[in-house]
Amino acid sequence: MTPAPDPARPDLPSDSDLVRAARGLPVSRTPVWFMRQAGRSLPEYRALRAGTAMLEACRDPDLVTEITLQPVRRHGVDAAILFSDIVLPLVVAGLDIEIKPGIGPVVAQPVRSVADVDALPLLDPSHLDFLTTAVRSLVQELGPTPLIGFAGAPFTLATYLIEGGPSKEHARTKAFMYAEPAAWSRLMDRLALSAATFLKVQMDAGASAVQLFDSWAGVLSAADYEARVLPYSREVFEAIGSRDVPRIHFGVGTGELLPLIGEAGADVVGVDWRLPLDEAARRVGHGRSLQGNLDPAVLLADRATVDREVRRVVEQGRAARGHIFNLGHGVLPDTDPGVLTHVAELVHELTLSPADPTPPAT
């Protein structure tokens, strides 16, 4: 028989609803957090970040702590997500990458040859002291609220390195993947090691869960993903597997890849808004929980539409082993923060366990 939440351990993030849902255990209510909840939609974030470049902010433990805490205070969400960027490990390793406003990460010297792959520097964990400091500070501040650490998956990082920046077609990446299989394998091995190193530091400092973002995996066929990407995402999860921390794996446009994404080693599969959660549960199987999947654009609609769509996602999420309510991608910059707060409250109201009629303090 599966144990219910332990009332004698109310202040441990390891027994929080988010961690329990990730493991398929009973919860007092469906946990909620929002991708990009710490960031562009919050006026307090914009005020704090004024005059500070993104990658500079990500390496300032005080700024990281405050920005990560802002949405927890405002929205009453059930988890914090570390304020960082997926390219940060590459920058710390020594690559010249700039995040340009309105564009995204831009790589000064893209990887275009076998020699470029072999010249890539490796991430030295001794250069991540700022990350350890930030995570430890957050764990202390958050108390029973879990902190989710994260890293970019090898394929998505490879696309930025090869394309030189954001891309719609990822044509250079695919061409390199097909034409240089040996170099592709070495590149992906290096990026898997980097991601695992970045996650290990966060877990060792106290993160209660981690998420691996493979933002652009949806541009691949299932066959290419299985042969050329899945083994390296699996490398990341295997490298951190000895730590008793739930693992979330998310990509955009990955409806046809969901069973494979689960096979990479995640406890939770993130689902974007294109596929209903009950169908996602069927594809992934009952061995893993789901996260998602309200369309971020819904939050720009009227309140009645928001409520209807939230109820639909909550109901479809009941088909999964466990459900973590989230968006199907990140919060859009024009989102009213009050709507996010309302969504978190509504999900809690809709899913509060009859055995626990008093909502937990947030």
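Residues numbered from 1 in each chain as written. Predicted model: local features only at pLDDT ≥ 70, side-chain atom pairs only at ≥ 80, totals over all residues. Heavy atoms only, no water.

(A) Examining the sheet that holds strand β1 (residues 80-81) more closely. Read across the sheet, 7 strands follow the order β1-β4-β5-β6-β7-β8-β9 without closing on themselves; strand pairing throughout is parallel. Each edge of the sheet is formed by a strand with only one pairing partner; in this case those strands are β1 and β9 (323-327). Relative to strand β7 (residues 268-270), strand β6 (residues 247-251) runs parallel, the two sharing 2 bridges. Looking at the pairing, His249 lines up with Val269 of β7. Sheet contacts for helix α15 (residues 303-317): β8 (289-294) and β9; angle to β9, the most-contacted strand, approximately 150°. (Pairing = 2+ DSSP bridges. Helix = DSSP H or I, 4+ residues; strand = E, 2+ residues; numbered from the N terminus. Contact = heavy atoms within 4.5 Å. Axes fitted to C-alpha atoms, helices over the stretch in contact; angles between N-to-C directions.)

(B) Geometry of the packing of aromatic side chains. For the structure on display, the rule yields 4 aromatic pairs. Aromatic pair Tyr45 and Phe83: ring centres 5.8 Å apart, planes at 65°, arrangement edge-to-face. With Tyr45 in helix α2 (residues 43-49) and Phe83 in the loop between β1 and α5 (88-93), this pair connects stretches of sequence that are 38 residues apart. There is no split in this pair, since Tyr45 and Phe83 are both buried. Their ring planes at 80° and their centres at 6.2 Å tell us that Phe213 and Phe250 sit as a pair that is edge-to-face. In this pair, Phe213 is assigned in strand β5 (residues 209-214) and Phe250 in strand β6, connecting sequence segments 37 residues apart. The buried category is assigned to Phe213, whose relative accessible area is 13%. Given a relative accessible area of 1%, Phe250 falls into the buried group. Among the aromatic side chains, those forming a connected cluster through ring pairs are Phe150, Phe213 and Phe250. (Phe/Tyr/Trp six-rings, centres within 6.5 Å; stacked < 30°, edge-to-face > 60°. Buried < 20%, exposed > 50% of the residue type's maximum accessible area, 1.4 Å probe, protein only.)

(C) Layout of the side chain of Arg247. Within the secondary structure layout, Arg247 lies in strand β6. For Arg247, a relative accessible area of 17% translates into the label buried. A distance of 3.4 Å separates the side chain of Arg247 from the backbone oxygen of Gly265, its partner in a polar contact. Residue contacts for Arg247: discarding those within four places in its chain leaves Val210, Phe237, Ile240, Gly241, Gly265, Ala266, Asp267 and Val268. (Polar contact = N/O pair within 3.5 Å; in protein donor to acceptor, adjacent residues only side chain to side chain.)

(D) Focus on unusual backbone geometry. Note that the residue after Gly292, namely Asn293, is joined by a cis bond; omega there is -10°. With respect to the helices and strands, the residue Asn293 is situated in strand β8. One non-glycine residue, Arg36, lies in positive phi territory at about 60°. Its location among the elements puts Arg36 in the loop between α1 (17-22) and α2. A relative accessible area of 43% places Arg36 in the partly exposed class.

(E) Examining helix α16 (residues 337-351) more closely. In this model α16 runs 22 Å from its N-terminal to its C-terminal C-alpha over 15 residues, within 8% of the 21 Å that 1.5 Å per residue would give. Where burial is concerned, most of α16 is hidden: 11 out of the 15 residues are buried. Where the residues of α16 are buried, they touch α2, α4 (61-75), α15 and β9. Near the N-terminus of α16, the side chain that reaches the backbone nitrogen of Gly338, with its oxygen 2.8 Å away, is that of Asp336. (Expected span 1.5 Å × (residues − 1).)

(F) Here's a closer look at the environment of Ser289. Mapping Ser289 onto the fold places it in strand β8. With residues up to four places along the chain from it excluded, the contact list for Ser289 reads Ala21, Ala22, Arg23, Gly24, Asp267, Val268, Val269, Arg321 and Gly322. Within polar-contact distance, the side chain of Ser289 engages the backbone oxygen of Ala21 at 2.7 Å.

(G) Molecular detail of the packing of α4 against helix α7 (residues 129-142). Running from N to C, α4 and α7 cross one another at 35°; their axes reach a closest spacing of 9 Å. Both α4 and α7 take part in a crossing whose hand is right-handed. Across the interface between the two elements, Pro61, Val64, Thr65, Thr68, Leu69 and Val72 from α4 touch Phe130, Thr133, Ala134, Ser137, Leu138, Glu141 and Leu142 from α7. Among the residues making up the contact of α4 with α7, the classes are represented as 8 nonpolar, 4 polar and 1 charged. (Left-handed = near helix turned anticlockwise from the far one by under 90°. Nonpolar A, V, L, I, M, F, W, Y, C, P; charged D, E, K, R; others polar.)

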